[in-house]
Amino acid sequence: MAHIIGDECVKCGLCVPACPLEIISEGESKYVIDGDKCIDCGACAGACPVGAPKPE
Ligand code: SF4
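How each quantity is defined
- Residues numbered from 1 in each chain as written.
- Predicted model: local features only at pLDDT ≥ 70, side-chain atom pairs only at ≥ 80, totals over all residues.
- Heavy atoms only, no water.
- Helix = DSSP H or I, 4+ residues; strand = E, 2+ residues; numbered from the N terminus.
- Rg over C-alpha atoms; globule rule 2.2 N^0.38 Å.
- Buried < 20%, exposed > 50% of the residue type's maximum accessible area, 1.4 Å probe, protein only.
- Areas by Shrake-Rupley, 256 points an atom, 1.4 Å probe, with all protein chains shown as cover.
- Lys, Arg positive; Asp, Glu negative; His and termini not counted.
- Charge placed at Lys NZ, Arg CZ, Asp CG, Glu CD.
- Polar contact = N/O pair within 3.5 Å; in protein donor to acceptor, adjacent residues only side chain to side chain.
- Contact = heavy atoms within 4.5 Å.
- Near = heavy atom within 4 Å.
- Nonpolar A, V, L, I, M, F, W, Y, C, P; charged D, E, K, R; others polar.

Peer 1: What's the story with the overall build of the chain in this structure? I'm lost.
Peer 2: Looking only at helices and strands, one finds two helices and four strands in the chain. Starting at the N terminus, the α and β elements of the chain follow one another as β-α-β-β-α-β. Over its C-alpha atoms the chain spans a radius of gyration of 10 Å, differing by no more than 12% from the 10 Å that the globule rule assigns to 56 residues. Taking the principal axes of the C-alpha coordinates as reference, the chain spans close to 25 × 20 × 20 Å. In the chain, buried positions account for 30% of the 56 residues. Counting only carbon and sulfur atoms, one obtains 54% of the accessible surface of the chain, whose full area is about 3,500 Å². Of note, the chain has its 4 positive side-chain charges centred 3 Å away from the centre of its 9 negative side-chain charges.

This is the structure in structure tokens:
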């Protein structure tokens, strides 16, 4: 299981330093989580002001 960043993402970048695995990167229209490495800790969801990262 992994977290996925939804279209609510406003590209603020606050989730990037929140991820202990440093697997969030900037994509075209939103930030993207490397789903192969995500351990579903939820830290990104806690840091996001618009609730974009959600459990898969
Ligand atoms: Fe990183 Fe945890 Fe978010 Fe997965 S759930 S992307 S490991 S902060």
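Peer 1: Would you mind going over the side chain of His 3 with me for this structure?
Peer 2: Looking at the element boundaries, His 3 is found in strand 1 (residues 3-5). Classification of His 3 as buried rests on a relative accessible area of 8%. A distance of 2.6 Å separates a polar atom in the side chain of His 3 from a polar atom in the side chain of Asp 40. What His 3 contacts, discounting residues up to four positions off in sequence, is Ile 33, Cys 38, Asp 40, Gly 42, Cys 44, Ala 45, Pro 53, Lys 54, Pro 55 and Glu 56.

Peer 1: Sorry, what's going on with the site of the ligand here?
Peer 2: The local shell around the ligand consists of His 3, Cys 19, Pro 20, Ile 33, Cys 38, Ile 39, Asp 40, Cys 41, Gly 42, Ala 43 and Cys 44. Each residue belonging to the shell around the ligand can be placed in one class, and the counts come to eight nonpolar, two polar and one charged.

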